[in-house]
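One letter stands for each residue in the lines below.
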Amino acid sequence: MKGTLSGQKRIQSALISVYHKDGLGPIVHELHRLGVTLYSTGGTQAFIEELGVPVVRVEDLTSYPSILGGRVKTLHPKVFGGILGRRDLASDVAQLEEYAIPPIDLVVVDLYPFEATVAGGASEADIIEKIDIGGISLIRAAAKNHAHVVIISDRQHYTELSRILDNGGNTTLSERRALAAIAFGVSAHYDTAIRTWFQGGGAPRKHVLRYGENPHQRASFHGDLDALFAQLHGKELSYNNLLDLDAALELIDDLHTLNGEPFAIIKHNNACGAAVRPSLKEAWNAALAADPVSAFGGVLVTTSRVNKVTAEAIDAIFFEIICAAGYDPDALEILRHKKNRIILERRSSERTVARSRTALNGKLEQEADQVLVRSDAMRTVTKKTPLAAQQEDLTFANILVKHTKSNAIVLVKDLQLLASGAGQTSRVDALEQAIAKAHKFGFDLNGSVMASDAFFPFSDCVTIAARAGVTAVVQPGGSVRDQESIDACDQLGIAMVITGHRHFKH
């Protein structure tokens, strides 16, 4: 990492080792564009190679393989020496050269999902395997040597890394110190969660709720809400609040991978408003415009810090909950004046990777839907290709439809949800509902993008959408009659892309 007397340094090499890969692709491509040498191992290395970006295997750097079933991969002097070496100390520099240890300027890590594994009811053996050793060591080493190294310790901070890369990969000492403070917070929280599990035998905490979905139903939550949020204000969270929050966080974490400030409004587990904009207030205004009626009493969520001007705009409507990465003091003062308004500051992005629900006389379990297909991985199947300006809209629409109850159709333009049709028994009904709703709130659908959570069994949806003004369609494909919809798109002069991944949500 080259530097100046002011403490500014430029990233020239990076070690990337992450559990969750969502949102990583754009970071890797930008690092490659800047000529940064990448080091990685295991699944992250494979992910980078699939992007077509050159990467140095940690095993080639250390001349030592991953051993003990992956328990020991990065724990080696050639890795930690490169991170901990002091570039302004002659003796350190000499030893790095003597042992052919390349300096590492950036470390990108996120930890094994320990808390989510515990909350998901995993076995003790599986929980033990989710105690991260290499990752936590990398975080602490990079944070300790923040005078020379940038540490990104959670995917929630990819936005900050993107900003750094937009600046040519240059950072100041104060920026690196701030990221180091965050990293030690991540480390402390992680170790506290492990300590708590060992002391409590792994039994999740039980929170008795006021009632369930309805007042006559008793309910409780089993888990550690304090690990996820700090409640800064308001009444106790209810059963329905928690369901909406779960849906809100699932959605906003995916939207966080796009460029800009994301904001979403959730009602009954579906987004009634969502947008990504250069500023948070612009994102709020665009999200609210999608359905200002349904936003009443909703759950508001963003991965950004809420400032005063945004708080003033938000405060104009009634809502149940707001959840954000943080709040400026003057923004918090504005939002707190309503007694029962629930204000949450998010502490962790970790959630269960397993999904379970009771059914019949037993329980159903499945993995969480963590697939996120961006436009560059979508396959164009029509004569017409989507416009360059529609690429982000296709990704945005596909994220929204993934988090909307099936059968689902969403209509999008300029990174704004225009309308959705959710939970319909017919895909045509979902589309017609979305079109009617968009017109109700004064949206022009010309040039918009349509996303469907599942394939089109017939060409009727494509025809209806084109007549309404839709010019690009994203859907998973997989119907034996896919060609009918493709042919209809060609006849109507609109583009269609296929993702290969269905996103039913029941």
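Everything below is about the structure printed above this text.
Each residue is numbered by its place in its chain's sequence as written, counting from 1. Selection of residues for local features in this predicted model requires a pLDDT of at least 70, selection of side-chain atom pairs for listing and counting requires 80 or more, and totals for whole chains, interfaces and linings are taken over all residues. Only hydrogens and water are set aside; all other atoms, that is, all heavy atoms of the structure, feed into the side-chain values.

### Brief notes about helix H12 (residues 239-255)
Within an α-helix, residues lying three or four positions from one another point in the same direction, as the helix has 3.6 residues per turn. Under the DSSP-based scheme used, a helix requires at least four consecutive residues in state H or I and a strand at least two consecutive residues in state E, with every element numbered from the N terminus. How far a helix is expected to stretch is found by multiplying one less than its residue total by 1.5 Å. Compared with an ideal rise of 1.5 Å per residue, which puts 17 residues at 24 Å, H12 spans 25 Å between its outermost C-alpha atoms and is within 8% of the ideal. The buried count for H12 comes to 13 of 17 residues, which makes it a mostly enclosed element. Summary of the burial criterion: residues with accessible area below 20% of their type's maximum are buried, those above 50% are exposed, and those between are partly exposed, where the area comes from a 1.4 Å probe applied to protein chains only.

### Examining the sheet that holds strand S6 (residues 106-110)
Should DSSP find at least two bridges between two strands, the strands are regarded as paired. Strand order in the open sheet formed by five strands is S5-S4-S3-S6-S7, and the pairing between neighbours is parallel. Each end of this open sheet is capped by a strand with a single partner; those strands are strand S5 (56-57) and strand S7 (150-152). Here two bridges tie strand S4 (residues 37-40) to S5, and the two strands are oriented parallel to one another. Counted as the bridge partner of Ser40 is Arg57 from S5. Should any heavy atoms of two residues lie within 4.5 Å, those residues are considered in contact. Axes here mean lines fitted to C-alpha atoms, for a helix over just the part in contact, with angles spanning 0 to 180 degrees between N-to-C directions. Against the sheet, helix H8 (residues 134-144) contacts strand S3 (13-18), S6 and S7, and its axis sits at roughly 145° relative to S6.

### Digging into the sheet that holds strand S22 (residues 409-412)
One open sheet holds the six strands; their spatial order is S21-S26-S25-S24-S22-S23, and the pairing between them is mixed. The outermost strands of the open sheet, each flanked by one partner alone, are strand S21 (379-380) and strand S23 (417-421). Bridge count for strand S25 (residues 470-475) against strand S26 (residues 495-498) is four bridges, and the pairing is parallel. Following the sheet pairing, Val474 is matched in S26 by Val497. On the sheet, helix H17 (residues 427-440) packs against S22, S23 and strand S24 (448-452) and is oriented at approximately 145° with respect to S23.

### Let's talk about the packing of aromatic side chains
Stacked, tilted and edge-to-face are the three classes applied to pairs of Phe, Tyr and Trp rings, where Trp contributes its six-membered ring and a pair requires centres within 6.5 Å; stacked means planes under 30 degrees apart, edge-to-face means over 60, and tilted covers the rest. Tallied over the entire structure, the rule returns six aromatic pairs. Plain terms: the ring middles of Phe114 and Trp197 are 6.0 Å apart, the flat faces sit at 85° to each other, and that makes the pair edge-to-face. Of this pair, Phe114 sits in helix H6 (residues 114-119) while Trp197 sits in helix H10 (residues 173-200), and the two are 83 residues apart along the sequence. Among the residues examined, Phe114 registers a relative accessible area of 1% and is labelled buried.

### Observations concerning the pattern of salt bridges
Opposite charge on two side chains allows them to pair when their charged atoms are near. The term salt bridge refers to a pairing of a side-chain nitrogen on Lys or Arg with a carboxyl oxygen on Asp or Glu at a separation within 4 Å. Under the counting rule described, the total for this entry stands at 18 salt bridges. Among the salt bridges present, the one from Asp92 reaches Arg86, with a minimum N-O distance of 2.7 Å. In this structure, Asp453 engages Arg427 in a salt bridge whose closest nitrogen and oxygen atoms are separated by 2.4 Å. Within this pair, whereas Asp453 is found in the loop between S24 and helix H18 (460-468), its partner Arg427 is found in helix H17, the two being separated by 26 residues in sequence. Take Asp453 and Arg427: they sit in the same class, and that class is buried. Each of Glu160, Arg163 and Glu175 takes part in a single network of salt bridges with overlapping partners.

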